[in-house]
Amino acid sequence: MRHSLPIAPQFYVTAPQPCPYLPGRMERKLFTALQGDYSETLNNALSKQGFRRSQNVLYRPSCAECMACLSARIRVSDFEPGRSQRRTLKRNADLVRRATSPWATEEQFALFRSYLDSRHADGGMADMDIFEFAAMVEETPIRSRVIEYTRPSPDTPGRSKLTAVCLTDVLDDGLSMVYSFYEPELERRSLGTYIILDHINIAREAGLPYVYLGYWVPGSPKMAYKANFGSLEIYKNGRWIDIGEPESHSAAAHPLSIDPIAEQVAKISLPDTMAPPQKR
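Keep in mind the model is a prediction, meaning the values are calculated, not measured. (Residues numbered from 1 in each chain as written. Predicted model: local features only at pLDDT ≥ 70, side-chain atom pairs only at ≥ 80, totals over all residues. Heavy atoms only, no water.)

### Here's the deal with the pairing of strand β6 (residues 57–61)
Phase 1 of the analysis: Relative to β6, strand β4 (residues 29–33) runs antiparallel, the two being bridged by five bridges. Counterpart to Phe 31 in the pairing with β6 is Tyr 59.
Phase 2 of the analysis: Counting the residues in the hairpin turn of strand β5 (residues 52–54) and β6 gives two residues, including Gln 55, whose phi is positive at 55°. (Pairing = 2+ DSSP bridges. Helix = DSSP H or I, 4+ residues; strand = E, 2+ residues; numbered from the N terminus.)

Right, here's the structure in full:
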């Protein structure tokens, strides 16, 4: 009988490219492949260390002169919605949630295109076609769900209309919101906020302690809304801390504050099943 030992993941760095959050800066990502029998284990471990999933890749920012991007998560047990968030929940009380397997549909893609064209026409996903969209949704080696939100159709009585969608990963300690999109013209509903609030409810019902929101970037208007959620934690200097006053976190760039790539990789904690064998 032949036994194969799990191989420790290899980490790589992307070439620098313009930062989508802070003008005049360049971004760089540290990443590794997510594949094989230990994908779930690796995703759980690295998500707790500030990594995010995109299809079959786990990544986190590793910029040469900037540490502004901070992974953020909500501590579910301590979260209480604020007044405006309670109003958002009430405004969207007519939405019906449905969780499905990660399978892309033409209706989802139409909503996705409408959202991109309205909100992110100059973003990195602007040219994504239906095949690339399907890959984004379906190429996942871990436990993922597509959360759909529908409302009564304003044009056809008795029918429902797809209003919002979130691609969500189920981790061992929470829900990770990979990507969400919604009807852009329904601004009054604050659908982006509502999706997060509903994921907090889902996590609470499932007994999961966290909802992972992706990256919060001080100084970026695109990411400012995440700081509006109570019980928010950020991953900073190798540990999770309460965000405190958002204004206290700086987006200043300084090359001397960045560890070399080799040191960054050495500090990543891998699960025992994936750690390289000890030399004897």
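Next comes the rest of the account.
### Overview of empty space enclosed by the protein
Phase 1 of the analysis: Considering all chains together, one arrives at two cavities of 30 Å³ or more under this definition.
Phase 2 of the analysis: Lining the largest cavity are Asn 43, Ser 47, Phe 51, Arg 52, Arg 53, Ser 71, Ala 72, Asp 169, Leu 171, Ser 176, Tyr 212 and Gly 214.
Phase 3 of the analysis: Split into classes, the residues belonging to the lining of the largest cavity amount to four nonpolar, five polar and three charged.
Phase 4 of the analysis: Put simply, the second largest cavity is a space of about 40 Å³.
Phase 5 of the analysis: The wall of the second largest cavity is formed by Gln 108, Phe 133, Met 136, Val 137, Val 146, Val 165, Cys 166, Leu 167, Tyr 179 and Phe 181.
Phase 6 of the analysis: Mapped by element, the contributors of at least two residues to the lining of the second largest cavity are α4 (130–138), β10 (160–170) and β11 (174–182).
Phase 7 of the analysis: Looking at the lining of the second largest cavity residue by residue, the class counts come to nine nonpolar, one polar and no charged. (1 Å grid on protein atoms, 1.4 Å probe; cavity = no way out; pocket = protein on both sides within 12 Å on 5 of 7 lines; lining within 4 Å. Points joined across faces, edges and corners; volume = space filled by probe spheres on them. Nonpolar A, V, L, I, M, F, W, Y, C, P; charged D, E, K, R; others polar.)

### A few points about the pairing of strand β14 (residues 239–242)
Phase 1 of the analysis: Here four bridges tie strand β13 (residues 232–236) to β14, and the two strands are oriented antiparallel to one another. Bridging from a neighbouring strand, Glu 233 pairs with Asp 242 of β14.
Phase 2 of the analysis: Between β13 and β14, which pair antiparallel in sequence order, lie two residues; one of them, Asn 237, sits at a positive phi of approximately 55°.

### Section: the sheet that holds β10
Phase 1 of the analysis: Strand order across the open sheet formed by eight strands is β8-β9-β10-β11-β12-β7-β13-β14, with mixed pairing between neighbours. Two strands bound the open sheet, and with one partner strand each, they are β8 (96–100) and β14. The sheet shows a mean angle of 35° between the axes of neighbouring strands, direction not considered.
Phase 2 of the analysis: Judged from the six bridges that link them, strand β7 (residues 70–75) and strand β12 (residues 210–216) form a sheet pairing that is antiparallel. The residue of β12 that forms the bridge with Arg 73 is Tyr 212.
Phase 3 of the analysis: Across the face of the sheet, helix α3 (residues 106–119) comes into contact with β9 (144–152), β10 and β11 while running at roughly 75° to β11.
Phase 4 of the analysis: Its contacts with the sheet put helix α5 (residues 191–206) on β7, β8, β9, β10, β11 and β12, and the angle it makes with β11 is roughly 155°. (Axes fitted to C-alpha atoms, helices over the stretch in contact; angles between N-to-C directions. Contact = heavy atoms within 4.5 Å.)

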